[in-house]
Amino acid sequence: MRILLIGPGSIGVLFGGKLALAGNRILIYARPHFSTILKEHPLKLTDIINKEHVVPNFEKAPPIPELIKLSPQEFPKICLITTKSYDLESVCREYQPVLNKIPIIGLIQNGIGNEEIIENNYPNSIIFRIITSHGAMRENISHIIHTGIGNTSICQIKPPYENISAENKQIIKEFTDNLQYAGFELKLNKNPLEAIWRKALTNIGINAIGALTQLTNGELLKSESLLNLIRKTINEAILIANKLQIPLDPSFDYVQNTLEVLKNTATNKNSMLQDVLRKKKTEIEFLNEKIVNYGKKMHIPTPINKTLSQLIHGLENSYIL
Ligand SMILES: NC(=O)C1=CN([C@@H]2O[C@H](COP(=O)(O)OP(=O)(O)OC[C@H]3O[C@@H](n4cnc5c(N)ncnc54)[C@H](O)[C@@H]3O)[C@@H](O)[C@H]2O)C=CC1
Ligand SMILES: CC(C)(CO)C(=O)C(=O)O
């Protein structure tokens, strides 16, 4: 199957690379330096048992005007976007002719509300999100390491499944079969918003606090006062989710789940801490700051998430010019 992948960083190369190793053809749009390096160095993926693979079938997509002229047999069937959430808006603009033509768009990103950006720009597309707790890290630009195994949920966002044409249903089925064959255990989620928020609530609880304290996930667990802060941060976000009528699962303990994630990923430096250590922009706008903005609209104060967001922006400002 031909798949277009926009933004082959850590998670993009993990998913795209494993799909390529399983026999799919992956066409990529990357930043120019990645495309240049790909010409000179083979793309490598170290799997979870430390085996190094050279990834085949991973190639630079033709320039946009050429891609959109490909025959239906050659044109990719599906587009995966794996940039950071804050790059999604610019991706929508930069790849407009392609995204207008490709019927199915999948987002592999963390954060709340990402799908709304696609819906606003491409109201006729079939949109789904892939929420994953697999982990991937970059050894260098052409070498990605699979650092942790986790669950992956496919969240169908729009339109309702029954409104999708038989042809596109077949493409989605082929894609999900290919993902499973590539080694991703999948859950087809009947409550997509719950899955998106479940992951986001974990990130809302852990990431900013880990980034500000520079503690690993396991070290956070050892501090009762930080655990208290994590609890309060998540509970404030749950209040907003309830006001937004997000169908959270009343029988599920989102705080306890976050504590378990901390335990299971004890040696991790969370992704926001990694961004801060590399002096990169963080995804705070799509996590704690999203809660603050929803709160503002509904006149509900969110002091903890607001303070965390402001502190993270302060940190970013200390190194981003
Ligand atoms: N790395 C991980 O273990 C996990 C990451 N995620 C989520 O996945 C998303 C991506 O994260 P990572 O892969 O870690 O980030 P990353 O920074 O490694 O990769 C993003 C890539 O997108 C590229 N990019 C940005 N704008 C582009 C454009 N206009 N055209 C082409 N390429 C463009 C960047 O150059 C970069 O290579 C984030 O939302 C993250 O929270 C989710 C689960 C695990
Ligand atoms: C689950 C967790 C918190 C693991 O570190 C993560 O998703 C992240 O680092 O962004």
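So, here is what we can say about the structure in this document. Everything numeric in this text was worked out from a predicted model, so none of it was measured. (Residues numbered from 1 in each chain as written. Chains lettered and ligands numbered in written order. Predicted model: local features only at pLDDT ≥ 70, side-chain atom pairs only at ≥ 80, totals over all residues. Heavy atoms only, no water.)

Below, the discussion takes up the site of ligand 2. Taken together, the neighbourhood of ligand 2 is formed by Lys199, Asn203, Ile206, Asn207, Asn217, Val261, Asn268, Asn270 and Ser271. In this structure, Asn207 approaches ligand 2 through a side-chain N or O atom, which is 3.2 Å from an oxygen atom. At 3.1 Å, a side-chain N or O of Asn268 approaches an oxygen atom of ligand 2. Protein coverage of the free-state accessible area of ligand 2, which is 280 Å², stands at 87%. The element best represented in the shell around ligand 2 is helix H8 (residues 192-213), accounting for 4 residues. Across the shell around ligand 2, the residue classes tally to 2 nonpolar, 6 polar and 1 charged. (Near = heavy atom within 4 Å. Polar contact = N/O pair within 3.5 Å; in protein donor to acceptor, adjacent residues only side chain to side chain. Areas by Shrake-Rupley, 256 points an atom, 1.4 Å probe, with all protein chains shown as cover. Helix = DSSP H or I, 4+ residues; strand = E, 2+ residues; numbered from the N terminus. Nonpolar A, V, L, I, M, F, W, Y, C, P; charged D, E, K, R; others polar.)

Further remarks concern the pairing of strand E12 (residues 186-189). Judged from the 4 bridges that link them, strand E11 (residues 152-158) and E12 form a sheet pairing that is parallel. Its bridge partner lying in E12, Thr152 is registered against Leu186. Regarding the hand of the β-α-β motif, the stretch spanning E11, helix H7 (residues 166-181) and E12 is right-handed. (Pairing = 2+ DSSP bridges. Right-handed = clockwise from strand over helix to strand, strands pointing away.)

Across the interface, H8 lies against helix H11 (residues 254-264) with an axial gap of 9 Å and an inter-helix angle of 65°. Considering the relative orientation of H8 and H11, their crossing is right-handed. Contacts from Glu194, Arg198, Leu201, Thr202 and Ile206 in H8 reach Tyr254, Asn257, Thr258, Val261 and Leu262 in H11. Classifying every residue of the contact of H8 with H11 by side-chain character gives 5 nonpolar, 3 polar and 2 charged. (Axes fitted to C-alpha atoms, helices over the stretch in contact; angles between N-to-C directions. Left-handed = near helix turned anticlockwise from the far one by under 90°. Contact = heavy atoms within 4.5 Å.)

Near ligand 1 you find 26 residues, and of these Ile11, Glu94, Tyr95, Ala136 and Glu283 are the closest. For ligand 1, an oxygen atom lies 2.8 Å from a polar atom in the backbone of Ile11. At a separation of 3.0 Å, an oxygen atom of ligand 1 approaches a polar side-chain atom of Arg138. Protein coverage of the free-state accessible area of ligand 1, which is 830 Å², stands at 89%.

That's the geometry; what it means functionally is another story.
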